[in-house]
Amino acid sequence: MERVFDVALAELADPAVFHEERWQVPGRIIPGSPDNSFAVRFFEVAGELIWGATARMISELITIAVTGRDGL
């Protein structure tokens, strides 16, 4: 079920709600990755799981807001 909800940026910036895992897809080659894994970022906040492109964008936004520079 999909829904829209509000979360404060300060809540998303809490390190306790951010998680990153390394995933592998059988047969997928990831250049530069010794084990062919890639990072999957997600936030567990407000009883919800935010992941995928949304989590990547939020992570970049927090990096820019906190450091004042792009994290890429």
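Notes on the structure in this doc start here. The shown structure was predicted, so the numbers you read here are calculated from the model rather than taken from an experiment. (Residues numbered from 1 in each chain as written. Predicted model: local features only at pLDDT ≥ 70, side-chain atom pairs only at ≥ 80, totals over all residues. Heavy atoms only, no water.)

The next subject is the layout of surface pockets. In this structure, the largest pocket spans a volume of roughly 220 Å³. For the largest pocket, the lining is made up of twelve residues, of which Arg3, Phe5, Glu48, Leu49 and Ile50 are closest to its centre. Breaking the lining of the largest pocket down by element, the ones donating at least two residues are strand 3 (48–51) and helix 2 (52–67). The biggest single contributor to the lining of the largest pocket is strand 3, with four residues. (1 Å grid on protein atoms, 1.4 Å probe; cavity = no way out; pocket = protein on both sides within 12 Å on 5 of 7 lines; lining within 4 Å. Points joined across faces, edges and corners; volume = space filled by probe spheres on them. Helix = DSSP H or I, 4+ residues; strand = E, 2+ residues; numbered from the N terminus.)

Moving on to the packing of aromatic side chains. Overall, the coordinates contain one aromatic pair when judged by the stated rule. Directly above the ring of phenylalanine 38 sits arginine 28, whose terminal nitrogen or CZ lies 4.6 Å from the centroid. (Phe/Tyr/Trp six-rings, centres within 6.5 Å; stacked < 30°, edge-to-face > 60°. Lys NZ or Arg CZ within 6 Å of the ring centre and 35° of its normal.)

Structurally, serine 33 can be placed in the loop between strand 1 (18–24) and strand 2 (37–45). At 2.9 Å, the side chain of serine 33 forms a polar contact with the backbone nitrogen of serine 37. (Polar contact = N/O pair within 3.5 Å; in protein donor to acceptor, adjacent residues only side chain to side chain.)

Quick look at the pairing of strand 3 now. Where strand 2 and strand 3 come together, four bridges link them in antiparallel fashion. The residue of strand 3 that forms the bridge with phenylalanine 43 is isoleucine 50. Turn length for the strand 2-strand 3 hairpin, with the two strands adjacent in sequence and antiparallel, is two residues, and the turn residue alanine 46 shows positive phi of about 55°. (Pairing = 2+ DSSP bridges.)

Next up on the list: the sheet that holds strand 1. Strand order in the open sheet made by the three strands is 1-2-3, with antiparallel pairing throughout. Here the strands that pair on one side only, and so sit at the sheet edges, are strand 1 and strand 3. Neighbour-to-neighbour, the strand axes of the sheet open up by a mean angle of 30°, direction not taken into account. Sheet topology note: the strand 1/strand 2 ladder contains seven bridges and is antiparallel. The residue bridging glutamate 21 from the neighbouring strand is valine 40, located in strand 2. Packed on one face of the sheet, helix 2 meets strand 1, strand 2 and strand 3 and runs near 80° to strand 2. (Axes fitted to C-alpha atoms, helices over the stretch in contact; angles between N-to-C directions. Contact = heavy atoms within 4.5 Å.)

Functional significance is not addressed by these values, which are geometric in nature.
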